[in-house]
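As a plain string of letters, each chain reads:
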Amino acid sequence: MVLCAEPRLRQLLGYWLSAVTPELTVAATGWQAAALLSDSAQSTILITDRIVPPWPGLPPIPALKQANPRLRVVVVPGQDGGPSSAAGGLAGGADETLPRPLSRAAVLRCLAPG
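Reference entry: report on the structure contained in this document. Please read all numbers here as calculations on a predicted model, not as lab measurements.

**Observations concerning the pattern of salt bridges**
If charged atoms from side chains of opposite charge come close, those side chains can pair. Overall, the coordinates contain three salt bridges when judged by the stated rule. Residue Glu96 pairs with Arg72 through a salt bridge whose shortest N-O separation is 2.7 Å. Of this pair, Glu96 sits in strand β5 (residues 96–97) while Arg72 is found in strand β4 (residues 72–75), placing the two residues 24 residues apart along the sequence. Given the relative accessible area of 27%, Glu96 is considered partly exposed. Owing to a relative accessible area of 15%, Arg72 belongs among the buried residues under this scheme.

Spelled out as structure tokens, the structure:
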């Protein structure tokens with residue numbers, strides 16, 4: 001699943017990932033993502049650009065992972081180095097980060113487990 005506040009980033013990730021992940025879902029809000037994640041225990045990855053503060057309607061990463069232990073969370077940190085930075089994402093419970101500027105190869109690598 002892709003959940004991004006930035007429409008262009010959401011579209012780019014959706015475009016790159018839909019070619020290799022037909023079951024990909026793209027959410028624009030935390031409420032939508034929470035509903036999709038709760039309806040699908042098979043969700044194994046969440047790629048998001050916002051960790052702190054958490055998305056309205058979406059539980060914090062540790063709660064998401066407790067509900068679905070198979071879920072991996074990948075953060076696309078903000079360019080400003082603020083709380084959504086790579087360190088902030090990892091401290092918030094993300095499994096990995098994708099550095100900017102994004103590359104298609106890096107995005108596709110994050111799909112590989114572990």
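**Describing helix α2 (residues 30–39)**
If you check which residues of α2 are buried, you get Gly30, Ala33, Ala34 and Leu37. All buried residues of α2 project into a common sector of 100° when viewed along the axis, lining one side. Facing away from the buried surface of α2 by more than 90 degrees, the exposed residues are Trp31 and Asp39. Next to the buried residues of α2 lie β1 (2–3), β2 (26–27), β3 (45–48) and α3 (61–67).

**Things to note about the sheet that holds β2**
Judged by pairing direction, the sheet is parallel, and its five strands sit side by side in the order β2-β1-β3-β4-β5 without closing on themselves. Edge positions in the sheet fall to β2 and β5, since each has one partner strand and no second. Judged from the four bridges that link them, β3 and β4 form a sheet pairing that is parallel. Paired with Ile45 across the bridge in β4 is Arg72.

Rules used in this analysis
Residues numbered from 1 in each chain as written. Predicted model: local features only at pLDDT ≥ 70, side-chain atom pairs only at ≥ 80, totals over all residues. Heavy atoms only, no water. Salt bridge = Lys/Arg side-chain N within 4 Å of Asp/Glu carboxyl O. Helix = DSSP H or I, 4+ residues; strand = E, 2+ residues; numbered from the N terminus. Buried < 20%, exposed > 50% of the residue type's maximum accessible area, 1.4 Å probe, protein only. Arc of directions from axis to C-beta. Contact = heavy atoms within 4.5 Å. Pairing = 2+ DSSP bridges.

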